[in-house]
Amino acid sequence: MYPQSGRAGGTLVRCPYYIIYDLSWISKVQVNHPAVLRRAQQVQARRTVKKEWQAAWLLKAVTFIDLTTLSGDDTSSNVQRLCYKAKYPIREDLLKALNMHDKDITTAAVCVYPARVCDAVRALKAAGCNIPVASVATGFPAGQTHLKTRLEEIRLAVEDGATEIDVVINRSLVLTGQWEALYDEIRQFRKACGEAHLKTILATGELGSLTNVYKASMIAMMAGSDFIKTSTGKETVNATFPVAIVMLRAIRDFFWKTGNKIGFKPAGGIRSAKDALAWLSLIKEELGDEWLKPELFRIGASTLLSDIERQIYHHVTGRYAAYHDLPMS
């Protein structure tokens, strides 16, 4: 019924679409908070996979990572190092020991500030790879700049070579129930992105309730978002399982209504390999194996990859890596 996104030549390709604003989709929604918390506790209490199965899942997790640097002291040199790590996320000898050295394992994307998009594009081109460059935009992380400025920031990032744009919404529109205004704003973000992929950051830790999280998720998808994302990573509360469950159920409801698959990206506070395995398990259970691919699932993280590589090192060698054993990311 509706066009779907896909991957061609290693980069995301999208077909623009949107759903006409319909308040009836969200007007009577109320999230059952205790039930969501019970489901989240089940996920957190589950024992993880071990040994070779764990190694396989961790390598798969690497391919979902948007390797990120969003610091005030970012320079062209550390962006270049980030891009190199994105292309070579796991040491070559460790991949050979797992017979995975010829599988072209890379991260899903690199994510930087708009001013660093050119640096990332140049670094990846020099490395001879086609990993997408994602840029945050629209007054990240607060989203409290003029709309004209936010739209121009998107356009400039796309002109510089970003193929994925992570926008932040104006949280006040959610908190005051201005759903049509939120829809119209995201529609303008969608138009400004052109052919670039649009990931909409809800900043769920600042939305007040799980019901608001569900409603904001549905509005973002109706307005043409390719992904919905939990957090900027700068809020006090970032990616949590209760919030994720609500957003994943919204994605599932949207798919049932429209036939269109929307991606999901948790970000903020996902630092350990154990965390990554729990998130993969949650996606598999809530949305199925179809969503376990970079076109529909990403993890926004800056330090997660280092711990995954340490766990892979331990699986292969039987000991934990010293600080100097693994390349810096």
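Here the structure is a predicted model, which is why all the values come from computation and not from measurement. (Residues numbered from 1 in each chain as written. Predicted model: local features only at pLDDT ≥ 70, side-chain atom pairs only at ≥ 80, totals over all residues. Heavy atoms only, no water.)

> Looking at this structure, how should I read the packing of helix α2 (residues 51-62) against helix α11 (residues 273-286)?
Angle between the axes and distance between the axes: these two values describe a pair of packed helices. Close contact between α2 and α11 brings their axes to 10 Å; oriented N to C, the two are set at 85°. Taken as axis vectors, α2 and α11 run roughly perpendicular relative to one another. For the pair α2 and α11, contact is made by Q54, W57, L58 and A61 and by A273, A276, L277, L280, S281 and K284, respectively. Here the contact of α2 with α11 is composed, by residue class, of seven nonpolar, two polar and one charged. (Axes fitted to C-alpha atoms, helices over the stretch in contact; angles between N-to-C directions. Helix = DSSP H or I, 4+ residues; strand = E, 2+ residues; numbered from the N terminus. Parallel < 35°, antiparallel > 145°, perpendicular 65-115°, else oblique. Contact = heavy atoms within 4.5 Å. Nonpolar A, V, L, I, M, F, W, Y, C, P; charged D, E, K, R; others polar.)

> Honestly, the environment of F254 in this entry has me stumped. Any pointers?
Within the secondary structure layout, F254 lies in helix α10 (residues 241-258). We classify F254 as buried; its relative accessible area is 0%. For F254 and R122, which are 132 residues apart along the polypeptide, the C-alpha to C-alpha distance reads 38 Å. For F254, the contacting residues outside a window of four places in its chain are I19, W25, M218, M221, M222, G259, N260 and I262. (Buried < 20%, exposed > 50% of the residue type's maximum accessible area, 1.4 Å probe, protein only.)

> What should I look at first to understand the nonpolar core in this one?
By size, the foremost hydrophobic cluster in this structure holds 99 residues, and its most contacted members are I165, F264, W279, F297 and I308. With 10 residues, α10 is the largest single contributor of residues to this core. Counting residues in hydrophobic clusters, the runner-up holds seven residues, among them C111, V136, F140 and I201. (Core = buried A, V, L, I, M, F, W, Y, C linked by side-chain atoms within 4.5 Å.)

> It is not clear to me how the UniProt feature "active site" (unreviewed entry) in the chain should be interpreted in this structure. Could you clarify?
Within this numbering scheme, the UniProt entry marks K229 and K265 as carrying the feature "active site" (unreviewed entry). The named residues occupy 37 residues along the chain; their greatest pairwise C-alpha distance, 4.5 Å, places them in one compact cluster. Along the polypeptide, K229 turns up in strand β8 (residues 227-229). Taking relative accessible area as the criterion, K229 reaches 3% and is therefore assigned buried. Excluding its chain neighbours within four sequence positions, the residues that come into contact with K229 are D166, T200, I201, L202, A203, M247, K265 and A267. Separated by 2.9 Å, the side chains of K229 and D166 make a polar contact. Mapping K265 onto the fold places it in strand β9 (residues 263-265). Assessed through its relative accessible area of 0%, K265 is described here as buried. Dropping the residues within four chain positions of it, K265 is found in contact with D66, D166, K199, F227, I228, K229, T230, R298, I299 and G300. (UniProt positions renumbered as here; feature names shortened; annotations may be inferred. Polar contact = N/O pair within 3.5 Å; in protein donor to acceptor, adjacent residues only side chain to side chain.)

> What should I look at first to understand the sheet that holds strand β4 (residues 109-112) in this one?
Pairing between the strands of a sheet comes from backbone hydrogen bonds, and it takes one of two forms, parallel or antiparallel. Here we have eight strands laid out as an open sheet, ordered β9-β8-β7-β6-β5-β4-β3-β10, and parallel in their pairing. Strands with a single pairing partner mark the edges of an open sheet, and in this sheet they are β9 and β10 (299-301). Adjacent strand axes in the sheet meet at a mean angle of 25°, parallel and antiparallel pairs treated alike. Pairing of strand β6 (residues 164-168) with strand β7 (residues 197-201) involves five bridges; the strand directions are parallel. Within the sheet, the bridge partner assigned to I165 lies in β7 and is L198. (Pairing = 2+ DSSP bridges.)

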